[in-house]
Amino acid sequence: MSAARPILDDIARLAGVSKATASKALAVVPGRYRISPATTERIRAVARDLGWTRPVAESKGRIALVHGDHLPLLDGINGPLHNALVNRTIQRGLEVIYQSMDRGSRDGRARTLSRADGCLFIMRMPLYRRSWDVWLEEIQRFPPVVLINAGLDLPLPHVAPDDAGGAADLMHHIADAGHRSVALCGPLRHPTQQHHSHERRHRSLSSTARECNVTLTDWCDRPYTQVASDLRRTGKERPTALIDLSGWGLPKLTTSLLRAGLDWPRDIALAVCDDPPITREFKPAITGVSWSMELLVNEAFRLLEDSIAGRADPVRVLVPERVEIRASTNGKSL
């Protein structure tokens, strides 16, 4: 045997297997090929003893990052999430394949994804696109796939922030601060155009308000300008706290409040069910609900590895959310 770097032929000969079997057992993606655990461990033990390592250039591992919307429209949470997934894929020595459900033909996607070991599918509610039944039929033809933040309960491995839990914690915070009359606002006017996280938050906020003996006024059917006008018109009888289902509409909401002569928290406590960076830039800063990007990405890769190895059930893993309490709910609005 040559004193140079050991090669697959050496590993295969010492392990008593073919070169093809040795290569499959040493694949970058665990469980990519159907080889018994005992055979896999024997081959890897020989490789370790020989000091063999697979150069990144030889890696055949590929992960497809598939988007329910085309890449130029990635914004808000989806942009940072996409970057985190790419970085983690590269750190693991895997090749990244990009695909979009909004670009190209189904046959073209099938050809591209046939080269992938597994898929991480970042979902967005499609605007005026195909029905979910059509999407689901295509998704189930993918290589092993994990859905990320899909917004719907689909029979596939799925990881997402715990929208309902975060909304419940936010309502408890509002109630603990002494508020007994709370208004809801936000984009729930056209559910087919919105991510279903807003619906989950709406249900959770409503049920938790009842548990906390909080009177809830639902203004999710009207624009922010009308919300501000209604708050102004109700005077002393108005709700003492306002919760928006999404933090990404804050510029429109706060502009409407200020034009109506209302500020926070002097006139009304203000909180949102997201925590985009802009919440910290307001004066005073606005209470929001955050979640760990690192934990979500770790869970997504864990589920994908289990799925590739044939161990994953269609489980939905929820990443805990945390209320970031700031000055917008700590003032004298009672």
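Structure: see above.
This text gives an overview of the structure that appears in the document. (Residues numbered from 1 in each chain as written. Predicted model: local features only at pLDDT ≥ 70, side-chain atom pairs only at ≥ 80, totals over all residues. Heavy atoms only, no water.)

## Remarks on the environment of Gly288
Logical step 1: Positionally, Gly288 belongs in strand β10 (residues 288-291).
Logical step 2: Residues contacting Gly288, with those up to four places away along its chain left out, are Val272, Asp274, Asp275, Arg322, Val323, Glu324 and Arg326. (Helix = DSSP H or I, 4+ residues; strand = E, 2+ residues; numbered from the N terminus. Contact = heavy atoms within 4.5 Å.)

## Considering the sheet that holds strand β7 (residues 215-218)
Logical step 1: Pairing in this open sheet of 4 strands is parallel, and the strands run β7-β6-β8-β9 from one edge to the other. Where the open sheet ends on each side, the last strands, each with one partner, are β7 and β9 (269-272). This sheet shows a mean twist of 25° between the axes of neighbouring strands, independent of strand direction.
Logical step 2: Judged from the 4 bridges that link them, strand β8 (residues 241-244) and β9 form a sheet pairing that is parallel. Following the sheet pairing, Ala241 is matched in β9 by Ala269. (Pairing = 2+ DSSP bridges. Axes fitted to C-alpha atoms, helices over the stretch in contact; angles between N-to-C directions.)

## Remarks on unusual backbone geometry
Logical step 1: Going from Trp264 to Pro265, the amide bond is cis rather than trans, its omega being 0°.
Logical step 2: Within the secondary structure, Pro265 is located in the loop between α10 (250-259) and β9.
Logical step 3: Residues Lys283 and Pro284 are joined by a peptide bond in cis, for which omega reads -5°.
Logical step 4: Of note, Pro284 is situated in the loop between α11 (278-281) and β10.
Logical step 5: With a phi angle near 60°, Asn213 is a residue other than glycine that sits in the positive phi range.
Logical step 6: Its location among the elements puts Asn213 in the loop between α8 (197-211) and β7.

## Some points on the sheet that holds strand β2 (residues 95-100)
Two orientations exist for strands paired in a sheet by backbone hydrogen bonds: parallel and antiparallel.
Logical step 1: Ordered in space as β2-β1-β3-β4-β5-β11, the 6 strands form an open sheet in which the pairing is parallel. Here the strands that pair on one side only, and so sit at the sheet edges, are β2 and β11 (316-319). Within this sheet the neighbouring strands show an average axis-to-axis angle of 20°, counted without direction.
Logical step 2: By the bridge criterion, 6 bridges tie strand β1 (residues 62-67) to β2 in an arrangement that is parallel. Residue pairing in the sheet places Ile63 in a bridge with Val96 of β2.

## Focus on the packing of aromatic side chains
Logical step 1: Counted according to the given criterion, the structure contains 2 aromatic pairs.
Logical step 2: For the ring pair Phe121 and Phe142, a centre distance of 6.0 Å and an interplane angle of 35° mean the geometry is tilted. With Phe121 in strand β3 (residues 118-122) and Phe142 in the loop between α6 (132-139) and β4 (145-148), this residue pair connects regions lying 21 residues apart in the sequence. Like Phe142, Phe121 is buried.
Logical step 3: Measuring from centroid to centroid gives 6.1 Å for Trp264 and Phe282, while their planes differ by 70°, and the two rings are edge-to-face. One end of the pair, Trp264, is in the loop between α10 and β9; the other, Phe282, is in the loop between α11 and β10, and 18 residues separate them in sequence. For the pair formed by Trp264 and Phe282, the shared burial category is buried. (Phe/Tyr/Trp six-rings, centres within 6.5 Å; stacked < 30°, edge-to-face > 60°. Buried < 20%, exposed > 50% of the residue type's maximum accessible area, 1.4 Å probe, protein only.)

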